[in-house]
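The residues making up each chain are set out below.
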Amino acid sequence: MDADVLVLGAGAAGIAAARRLRALGRSCLVLEAGTRVGGRAWTDAAGLDLGASWLHVAEANPLTALARELGFTPYDDGRRRRDILLAAGRPASAADRAAYEAACDAWEAAVAVRAAAGGPDTSLGEAAPRGGRWDATVNHWFGAIINGVESERSSLIDYVATVLDGQNLMVREGIGTLVARLAEGLPIRLGARVQRLAAGMVAETGAGEFRGRAAIVTLGTGVLPELVFDPPLPEVVTRAIAGLPLAPVMKVALRAAGEERFGLPPFARLGRMIEGPGDRPCSWVLWPFGRPWAMAYIGGRLADSLPDAASAEAAARAELARYFGAAAVARVFPEPATVAHWPADPLFRGGYSYAHVGAAGARAVLARAAPMEGKLRFAGEACHTRYAGTVGGAWESGEAAAEAVSAALG
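Just so it is clear, the model here is predicted, and its values are computed rather than measured.

What counts, and where the lines are drawn
- Residues numbered from 1 in each chain as written.
- Predicted model: local features only at pLDDT ≥ 70, side-chain atom pairs only at ≥ 80, totals over all residues.
- Heavy atoms only, no water.
- Pairing = 2+ DSSP bridges.
- Helix = DSSP H or I, 4+ residues; strand = E, 2+ residues; numbered from the N terminus.
- Buried < 20%, exposed > 50% of the residue type's maximum accessible area, 1.4 Å probe, protein only.
- Arc of directions from axis to C-beta.
- Contact = heavy atoms within 4.5 Å.
- Phe/Tyr/Trp six-rings, centres within 6.5 Å; stacked < 30°, edge-to-face > 60°.
- Axes fitted to C-alpha atoms, helices over the stretch in contact; angles between N-to-C directions.
- Parallel < 35°, antiparallel > 145°, perpendicular 65-115°, else oblique.
- Nonpolar A, V, L, I, M, F, W, Y, C, P; charged D, E, K, R; others polar.
- 1 Å grid on protein atoms, 1.4 Å probe; cavity = no way out; pocket = protein on both sides within 12 Å on 5 of 7 lines; lining within 4 Å.
- Points joined across faces, edges and corners; volume = space filled by probe spheres on them.
- Polar contact = N/O pair within 3.5 Å; in protein donor to acceptor, adjacent residues only side chain to side chain.
- Core = buried A, V, L, I, M, F, W, Y, C linked by side-chain atoms within 4.5 Å.
- Salt bridge = Lys/Arg side-chain N within 4 Å of Asp/Glu carboxyl O.
- Right-handed = clockwise from strand over helix to strand, strands pointing away.

(A) Looking closely at the sheet that holds strand 13 (residues 268-272). On the basis of which strands lie adjacent, the open sheet formed by seven strands has the order 5-4-13-14-15-12-16 and mixed pairing. Whereas interior strands pair on both sides, the edge strands pair on one side only; in this sheet they are strand 5 (90-91) and strand 16 (338-340). Judged from the three bridges that link them, strand 12 (residues 250-255) and strand 16 form a sheet pairing that is antiparallel. Bridge pairing in strand 16 links Val 252 to Val 339.

Shown next as structure tokens:
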């Protein structure tokens, strides 16, 4: 027996599960397919958060206190701020900005009212306001950028149930760095991709077999269907997994070679009005923590159309040129970009989960699933019914799964 509990995946959920298991007096072994810990929380050598970027709902997020205890530096960069907002290709007037803010408020109110009215699930887009000058732009922002897919592709009920309010904090040292720090001292086996989890809790990997008395599976729903379970999972569980795909989100980071900053302060935000059918802007944060980076956030059908890092970089440069001109972008950012193309990564196949229309209850099903006599549990951001899509939600889910399997072991 290698451990009381096998934990599949060394992302935030897996690390939280392992820490909680040890606190409960259970031995564990974390099996990670990749060459690093952290999963979709990844801070690279340059200090860039190429995955998770915020401690969402920081007031309730368990990682906020842990970050401060470890001496990390959280920072509130503000919500819905736009240092540059373009309307029809020109800087927005005060009236434009007021109309944009009003459209955002109206969008949030409309979807909340529609969800509260009850009835069968529908798409988020079906509930969104239409026809106003800023409505398409706002719908794109809350859909393709915030939720990772266009609002027409995702569940209204799930979106409202998991909408993120409160304070959002960035971390100077990196959220990936924070999660990696929290993994220190844990029994983690890297390069051990589990291909099959068999009865008796035998995890089969290219690095050999590992045995436990119970297991917690924290793989994201983008790759979870690739794991073979023997015996097979109940149909209700496989339907829940299929109903929670990962959005095709990605990041592109452009590094300024000189001192040019376009006259913008740290954490500058850029946004623009949609200019017609098929126009799909990305979102920007420039100079985070005063560093020389312009970070593009790309989601939805624009991300779907970008098969590789080169195409993602080209799209980001073309988008940034709308604000500053192609010549200025080429001059200020002469180096190749750093691209986190999560949909193309075979260990993830996407960013964070959303629910298909009609799959609003899938998160609860996956969180409660306890096959193999209650000794198999699932954890991860997709399993959290309130803070889905967040590192904090993944962390809480991992802790809950650890407590459940520990109880099942008696």
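There's more to say after this.
(B) Focus on helix 8 (residues 235-242). Residues Val 237, Ala 240 and Ile 241 constitute the buried set of helix 8. The buried side chains of helix 8 occupy one side of the element, clustering within an arc of 100° when seen end-on. Seen from the buried face of helix 8, the exposed residues on the opposite side, beyond 90 degrees, are Glu 235 and Ala 242. Summarising the contacts, the buried residues of helix 8 are in contact with helix 12 (362-368) and strand 17 (376-378).

(C) Structural detail: the packing of aromatic side chains. In this structure the tally under the stated criterion is 15 aromatic pairs. Ring geometry for Phe 262 versus Phe 333: centroids 6.3 Å apart, planes at 45°, classification tilted. Taken together, the residues span a long stretch of sequence, with Phe 262 in the loop between strand 12 and strand 13 and Phe 333 in the loop between helix 11 (326-332) and strand 16 at a distance of 71 residues. Considered together, Phe 262 and Phe 333 belong to a single accessibility category, that of buried residues.

(D) Seen up close, the packing of helix 2 (residues 62-69) against helix 13 (residues 391-409). Two elements in contact, helix 2 and helix 13, have axes separated by 8 Å at closest approach and are oriented at 95°. Classed by the angle they form, the pair helix 2 and helix 13 counts as roughly perpendicular. Contacts between helix 2 and helix 13 involve Pro 62, Leu 63 and Leu 66 on the former and, on the latter, Val 391, Gly 392, Trp 395 and Glu 396. Along the lines of polarity and charge, the residues of the contact of helix 2 with helix 13 split into five nonpolar, one polar and one charged.

(E) Quick peek at the layout of surface pockets. The volume enclosed by the second largest pocket comes to roughly 330 Å³. Surrounding the second largest pocket, 19 residues form its lining, Ala 136, Asn 139, His 140, Glu 152 and Ile 274 being those nearest its centre. Counting residues per element, the lining of the second largest pocket draws most heavily on helix 5 (residues 135-147), which supplies five residues. When the residues that make up the lining of the second largest pocket are grouped by side-chain class, the tally is six nonpolar, six polar and seven charged.

(F) The side chain of Thr 205, seen in detail. With respect to the helices, strands and loops of the structure, Thr 205 is situated in strand 9 (residues 202-205). In this structure the side chain of Thr 205 is engaged in a polar contact, spanning 2.9 Å, whose partner is the backbone nitrogen of Ala 207. Of the polar contacts made by the side chain of Thr 205, one reaches the backbone oxygen of Gly 208; its length is 2.8 Å. With residues up to four places along the chain from it excluded, the contact list for Thr 205 reads Ala 192, Arg 193, Val 194, Gln 195 and Phe 210.

(G) Spotlight on the nonpolar core. Residues Val 5, Leu 21, Leu 63, Ile 175, Ile 216, Val 391 and Trp 395 are the most contacted members of the largest nonpolar core, which totals 38 residues. Broken down by secondary-structure element, the contributors of at least two residues to this core are strand 1 (3-8), helix 1 (12-23), strand 2 (28-31), helix 2, strand 6 (169-171), helix 7 (175-182), strand 10 (208-217) and helix 13. With sequence-adjacent residues up to four places away left out, Val 391 is seen in contact with Ala 12, Ala 41, Ala 52, Leu 63, Ile 175 and Val 179. Ranked by size, the runner-up nonpolar core spans 31 residues in total, among them Ala 3, Met 201, Ala 362 and Cys 383.

(H) Region of interest: the side chain of Arg 272. Structurally, Arg 272 is set in strand 13. A polar atom in the side chain of Arg 272 sits 2.7 Å from the side chain of Asp 279. Excluding anything up to four places from it in sequence, Arg 272 contacts Leu 85, Leu 86, Thr 137, Asp 279, Pro 281, Glu 319, Arg 322 and Tyr 323.

(I) Representation of unusual backbone geometry in the model. Between Asp 230 and the following residue, Pro 231, the backbone shows a cis peptide bond with an omega angle of 10°. Phi is positive for Met 372, close to 55°, though the residue is something other than glycine. Topologically, Met 372 is positioned in the loop between helix 12 and strand 17. Overall, Met 372 belongs to the buried group, its relative accessible area being 18%.

(J) The arrangement of the pattern of salt bridges in detail. Summed over the entire model, instances satisfying the criterion amount to 24 salt bridges. Through salt bridges that share partners, Glu 150, Arg 153, Arg 280, Arg 301 and Asp 304 make up one connected network.

(K) Looking closely at the pairing of strand 15 (residues 293-298). In terms of burial, strand 15 is a largely internal element, six of the six residues being buried. Alternating positions in strand 15 separate into two faces, Trp 293, Met 295 and Tyr 297 on one and Ala 294, Ala 296 and Ile 298 on the other, with burial throughout. Sheet analysis places strand 12 next to strand 15, joined by six bridges and oriented antiparallel. In the strand pairing of strand 15, Val 252 is matched with Ala 296. Direction of pairing for strand 14 (residues 283-286) relative to strand 15: antiparallel, over a ladder of four bridges. Bridge pairing links Trp 284 to Ala 296 in strand 15. Adjacent in sequence and paired antiparallel, strand 14 and strand 15 are bridged by six residues, among which Trp 287 carries a positive phi angle near 60°.

(L) How the structure looks around the pairing of strand 2. Because side chains alternate across strand 2, one face comprises the buried residues Cys 28 and Val 30, and the other comprises Leu 29 and Leu 31, equally buried. Judged from the four bridges that link them, strand 1 and strand 2 form a sheet pairing that is parallel. Paired with Val 5 across the bridge in strand 2 is Cys 28. Handedness of the strand 1-helix 1-strand 2 crossover: right-handed. Here two bridges tie strand 2 to strand 7 (residues 188-189), and the two strands are oriented parallel to one another. Of the residues in strand 7, the one forming a bridge with Leu 31 is Arg 189.

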